[in-house]
Amino acid sequence: MQTWPVQDAKARFSEFLETCLAEGPQMVTRRGTEAAVLVPIDEWRRLQTAARPSLKQLLLSAEGRHEMNIPARGTARRRAPAAAR
């Protein structure tokens with residue numbers, strides 16, 4: 001992965017983008033510190049899909065079940081019938 005100082009990435013953005021598309025992700029640094037990465041859209045979509053759990057994984061995981069906010073039985077308020085409005 002090639003590293004680009006932010007001023008070079010701004011000044012030569014077309015070259016920066018072409019390098020990203022041809023060679024893969026490109027790192028941007030600000031004052032010598034890693035700040036961002038430019039990645040091709042196909043890789044971004046692959047990463048987004050991989051980061052999202054499937055429905056099967058959600059249903060089989062024990063983690064998400066305790067986070068559900070379900071009111072206790074009999075405490076939920078009901079709406080008035082349409083005729084009474």
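In case you missed it, the structure is sitting above this.
The sections below set out a description of the structure shown in this document. Everything quoted here is computed from the prediction, not taken from an experiment.

**Digging into the environment of Gly32**
Here is step 1 of the chain: By the secondary structure assignment, Gly32 is in the loop between β2 (26–30) and β3 (33–38).
Here is step 2 of the chain: By relative accessible area, which is 72% here, Gly32 ends up exposed.
Here is step 3 of the chain: Between the C-alpha atoms of Gly32 and Val6, which are 26 residues apart in sequence, the distance is 9.4 Å.

**As for a nonpolar patch on the surface**
Here is step 1 of the chain: A cluster of nonpolar side chains, namely Phe13, Leu17 and Leu21, defines an oily patch on the protein surface of about 280 Å² accessible area.
Here is step 2 of the chain: With respect to the helices and strands, the residue Phe13 is situated in helix α2 (residues 13–23).
Here is step 3 of the chain: For Phe13, a relative accessible area of 45% gives the class partly exposed.

**Some details on unusual backbone geometry**
Here is step 1 of the chain: Unusually for a residue other than glycine, Arg31 sits at a positive phi of about 55°.
Here is step 2 of the chain: As for its placement among the helices and strands, Arg31 is situated in the loop between β2 and β3.

Here is what the cut-offs are and how they apply
Note that residues are indexed from 1 along each chain, following the sequence as it is written. Only residues with pLDDT of at least 70 get local features here, since the model is predicted, and only at 80 or more are side-chain atom pairs given and counted; chain-wide, interface and lining totals rely on the full set of residues. Side-chain metrics in this entry use all non-hydrogen atoms of the structure; hydrogen atoms and water are not considered. Every helix listed is a DSSP run of H or I at least four residues long, and every strand listed is a run of E at least two residues long, numbered separately from the N terminus. For every residue, the accessible area (1.4 Å probe, protein chains only) is compared with the maximum for its type, and the residue is labelled buried under 20%, exposed over 50%, or partly exposed between those bounds. Here a patch means residues that are over 30% exposed by relative accessible area and free of salt bridges, tied together within 9 Å if like-charged and within 5 Å if nonpolar (Val, Leu, Ile, Met, Phe, Trp, Tyr). Each accessible area value is a Shrake-Rupley result obtained with a 1.4 Å probe; residue values ignore everything except the protein chains displayed when judging cover. Whenever Lys or Arg places a side-chain nitrogen within 4 Å of a carboxyl oxygen from Asp or Glu, that contact is recorded as a salt bridge.

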